[in-house]
Amino acid sequence: MLPKRVLRLPLERRLSPATEQPITSARRLHICSERLIIVALSLWLAGCNNQQPATHGLPAPEVTVSKPDQKEVVNWNEFTGRTAAVKLVTVTPRVSGYIVNIPFKEGDIVHKGDLLFQIDPRPYQDAYEQAVGQLQQAQANQQLQDVTFERQQRLRETGVIAKEDYDTALSNKNQAAAQVVSAQAARNSAQLNLEFTHVTSPIDGRVSHQLVNIGNLVQADSTRLTTIVSIDPIYAYFSVDELAALSYQRLIREGKVASSQDGKVPVYLQLQDETGFPHEGTIDFSDNAFDSSTGTLLIRGSFPNSDGFLTPGNFVRVRVASSPKYDALLVADRAIGTDQDQSFVYVVDSKNIARLRHIKTGQLAEGLRVVKSGLQPDDVVIINGIIKVRPDSPMRPQQGAMEQFSSNDISMPLISSQSSASHAGAER
C-alpha cells in the first residue's frame, strides 16, 4: 500500500534536484498527472484486497451408494504353513544283489504291492531250493526215527530190550523233530529272501525318481532306491502364536467353539495362487507344548486330496475360526478411507449431502469389511466415487450393490481424508 499522506510543497518554490531551478508550468502539469495515476492505482489495489473470492457453480458429483450388508459372520485367524504327506517311505532293498529290472515310471501313482525294482533272484532261488532239500531230508529222518521209536517202545513193554536202547530211540526221535523245525525255518528264510528280490511298493502313493540304475549292486537295508509319498489325505502343519492359542482355549472352555480333541474343528487351506480358502479339512493334532524359541504351538490339519492336487511341501495359508458366529454390518474396502490412525466412510443424508463418519473396522468376511462401530444399518454409504467427495457437499447418489465392490476385485486403493481435501482444493 502507498502512504495515505503525501508531503506537499509549494510548486513555485520547489527546485529541480539537477538544476536547482524553479519548476516550469509544463513540469507542474506532469507531476499532477503522476499523482492522479498513483491515487487511482492505490484505490484499485485496496478494492482488490477486499474483494470476495469468486465462486463457481460446479455440478454435484455422481457417486454410487448402498446400505451396509447385514450378515452372520465369523472372525478368522490366518497362519502360514506347509503341507506334508501322511506317509513317506524311503524304499531300500532287504537283500543285496544286482538290479536287473526297474518296471515303474518315475512320478507315477503306484499301489501297494506294485513291483518297483527287481534284484537278480538266481542266487536266492538256489538257496531256497537247497533249504527245501534240507527240510525234506530232515522230514525223512524224522519219519525213520518215529518208526524206530515205536518199535523200541513195543519191545520195552515186553521187556525184550534194555532201558538204555529205549532212551536212545527217544532221543533220536526228538532230535529229528528239532531238525525239521530248523529246516523249516531255513526254508522260510530262504523263501523270504527270494521274495525280497522283488522290491515292491509298501503303500499307495506317488513314486519319486529312481536313485539307482539297472546293473548297480545294492546293499541290503542301506542303498536308497526311491521314495514314495501318500496322496490322500494330506497334512498341513502350521504354528499358532501363544495369544491366538490362549484365546481359542478360552472359547473352548466357554463352549463357543469345538475342541480339536473332538476331531470336529474345521480348518481351511489356500495355495499361493488361489483366491479364498477352497480346501476344507479338520484339525486332528496339536502339540503338547509350546516351542520356547518361537512361542508357538504346532497344529496339524488333515485335508482330503483324492485328486492329488495338493503336493507335500506346498507353502499354504490356513485359517481357523476365532469366534462364534455373530451379526455384523459389512462395507466394501474401497468405501473406507483412512485419516492417520482412523478409518472413515462417507454417508449421504436425506438432503443428499455427504457426511464424514468415523468407524472402527474388523476383519474381512466374504470380501467385505466388518464395521464394529460408527455405522447404522440404515446409513447410505458411498461405495464408488469416494475420491470425488468433499465433506458437507451435495452429491448425486446412484443406487448400487455392496457386493459389486468386494475385496476380491479392488481396483482403487484406499484414500485418506487429506488426499480428499487436496483433490477438493484442486477442483476449486
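Numbering of residues starts from 1 in each chain and follows the order in which that chain's sequence is written. Thresholds applied to this predicted model are a pLDDT of at least 70 for local features of residues and 80 or more for the giving and counting of side-chain atom pairs; totals over whole chains, interfaces and linings are not thresholded and use all residues. Water and hydrogen atoms play no part in the side-chain values, which are based on all heavy atoms of the structure.

A. Structural context of the overall build of the protein chain. Broken down by element type, the protein chain carries five helices and 23 strands. Put simply, the protein chain has 428 residues, and 34% of those count as buried. Taking the contacts inside the protein chain whose residues are at least 6 apart along the sequence as the reference set, 74% of them involve residues at least 24 apart. A total accessible area of about 26,600 Å² is found for the protein chain, and carbon and sulfur atoms account for 50% of it. Numbered from the N terminus, helices here are DSSP runs of H or I no shorter than four residues, and strands are runs of E no shorter than two. Accessible area is worked out with a 1.4 Å probe on protein chains only. A residue is then buried under 20% of its type maximum, exposed over 50%, and partly exposed in between. Should any heavy atoms of two residues lie within 4.5 Å, those residues are considered in contact. The method behind every accessible area is Shrake-Rupley, applied with a 1.4 Å probe, and residues are considered shielded solely by the protein chains displayed.

B. Representation of the nonpolar core within the structure. Each nonpolar core is a collection of buried residues, namely Ala, Val, Leu, Ile, Met, Phe, Trp, Tyr and Cys, held together in the definition by side-chain atoms within 4.5 Å. Residues F238 and L269 are the most contacted members of the largest nonpolar core, which totals 22 residues. Looking at this core, the elements that each hand over two or more residues are β12 (234-241), α4 (242-253), β13 (266-271), β15 (296-303) and β16 (315-321). Residues in contact with L269, not counting those within four places in the same chain, are T83, A236, E274, F277, P278, H279, F303, L310, V316, R317 and V318.

C. Seen up close, the sheet that holds strand β5 (residues 97-101). Read from one edge of the open sheet, four strands run β8-β7-β5-β10, paired in antiparallel fashion. Two strands in the sheet have a free side with no partner beyond their single neighbour: β8 (198-200) and β10 (217-218). Pairing between strands is defined by DSSP: at least two bridges between them are needed.

D. The arrangement of unusual backbone geometry in detail. Of the consecutive residues D232 and P233, the connecting peptide bond is found in the cis state with omega at -5°. By the element assignment, P233 lies in the loop between β11 (226-229) and β12. For N352, which is not glycine, the phi torsion reads 60° and is therefore positive. Tracing the backbone through its elements, the reader meets N352 in the loop between β19 (342-348) and β20 (354-365).

E. Main features of the side chain of Q118. Of note, Q118 is situated in strand β7 (residues 115-119). Side-chain atoms alone can form a polar contact between residues adjacent in sequence; in general such a contact is a pair of N or O atoms within 3.5 Å, and within protein one must be able to donate a hydrogen while the other accepts it. Side-chain polar atoms of Q118 contact the side chain of H198, separated by 3.0 Å. If near-sequence neighbours (up to four positions away) are discounted, Q118 is found in contact with Y98, I99, V100, N101, T197 and H198.

F. Spotlight on the packing of aromatic side chains. Between the rings of Phe, Tyr and Trp (Trp by its six-membered ring), a pair exists once the centres lie within 6.5 Å; its type follows the angle of the planes, with under 30 degrees stacked, over 60 edge-to-face, and the other angles tilted. All told, the structure shown has six aromatic pairs when counted by the stated rule. Here the aromatic rings of F79 and F238 are separated by 5.8 Å at their centres, their planes lie at 20°, and the arrangement is stacked. A residue pair is termed long-range when its members are at least 10 positions apart, and F79 in strand β3 (residues 76-85) and F238 in strand β12 qualify at 159 residues. Both rings, one in F344 and one in Y346, keep their centres 5.5 Å apart while their planes meet at 75°; by these two values the pair is edge-to-face. Exposure remark for Y346: the relative accessible area of 1% places this residue in the buried category. Seen from the ring of F149, K173 lies directly overhead, with NZ or CZ sitting 5.9 Å from the centre. Only when the NZ of Lys or the CZ of Arg is both within 6 Å of the ring centre and within 35 degrees of the ring normal is a charge said to sit over the ring. A cation over an aromatic ring shows up here: R319 above the ring of Y268, its NZ or CZ 5.7 Å from the ring centre.

G. Just the pattern of salt bridges, in detail. Think of a salt bridge as a Lys or Arg side-chain nitrogen and an Asp or Glu carboxyl oxygen that are within 4 Å of each other. Across all of its chains, the model carries nine salt bridges by this definition. One salt bridge connects R355 with D349, and the closest N-O pair in it is separated by 3.1 Å. R357 is paired through a salt bridge with D379; the nearest N and O atoms lie 2.9 Å apart. Of the two residues, R357 sits in strand β20 while D379 sits in the loop between β21 (368-373) and β22 (381-384), which places them 22 residues apart along the sequence. Taking the relative accessible area as the measure of exposure, R357 reaches 27% and is therefore partly exposed.

H. Structural view of the sheet that holds strand β9 (residues 205-207). Taken in spatial order, the four strands line up as β4-β11-β9-β6 in an open sheet, and their pairing is antiparallel. Taken across any chain shown, the strands that pair with only one partner, and hence form the sheet edges, are β4 (88-91) and β6 (109-110). Taken together, the two bridges between β9 and β11 define a ladder with antiparallel strand orientation. In the strand pairing of β11, V207 is matched with I228.

I. Just the confidence of the model for the protein chain, in detail. Known as pLDDT, the predictor's per-residue confidence is scaled from 0 to 100. Averaged over all residues, the pLDDT of the protein chain equals 82, while 80% of them reach at least 70. In this model, residues 1-21 is a region of pLDDT below 50 whose contacts with residues beyond four sequence positions or in other chains number 18 contacts. Segment residues 409-428 is flagged for pLDDT under 50; beyond a separation of four residues in sequence, or across chains, it makes 28 contacts in the model.

J. Layout of the pairing of β7. With four of five residues buried, β7 is to be regarded as a mostly interior element. Two elements, β5 and β7, share two bridges in a ladder whose sense is antiparallel. Within β7, the position partnered with I99 by the bridge is I119. Strand direction decides the pairing type here: β7 and β8, joined by three bridges, are antiparallel. The partner of Q118 across the bridge, within β8, is H198.

K. Expanded view of helix α2 (residues 122-158). Between its first and last C-alpha atoms α2 spans 55 Å; for 37 residues at 1.5 Å apiece the expected length is 54 Å, and the two agree. All buried positions along α2 are accounted for by Y124, A131, V132, L135, A138, Q145, F149 and Q152. Looking at the buried positions of α2, the neighbouring elements they touch are α3 (163-196). Just downstream of α2, G159 is the residue with a positive phi angle, here 80°. Helices are assigned an expected span. That span is 1.5 Å times one less than the residue count.

L. Highlighting the side chain of D69. By the element assignment, D69 lies in strand β2 (residues 69-73). His is not counted, nor are the chain ends, whereas Lys and Arg count as positive and Asp and Glu as negative. This buried residue, D69, is left without a salt bridge; K71 holds the nearest opposite charge, at 4.4 Å. Filtering out sequence-adjacent residues up to four positions away, D69 remains in contact with A328, L329, L330, L368, M402 and E403.

M. Region of interest: the environment of A244. If you trace the backbone, A244 turns up in helix α4. C-alpha separation for the pair A244 and L297, spaced 53 residues apart in sequence, amounts to 9.7 Å. Non-local contacts of A244, meaning those with residues more than four positions away in its chain, are made with N77 and F79.

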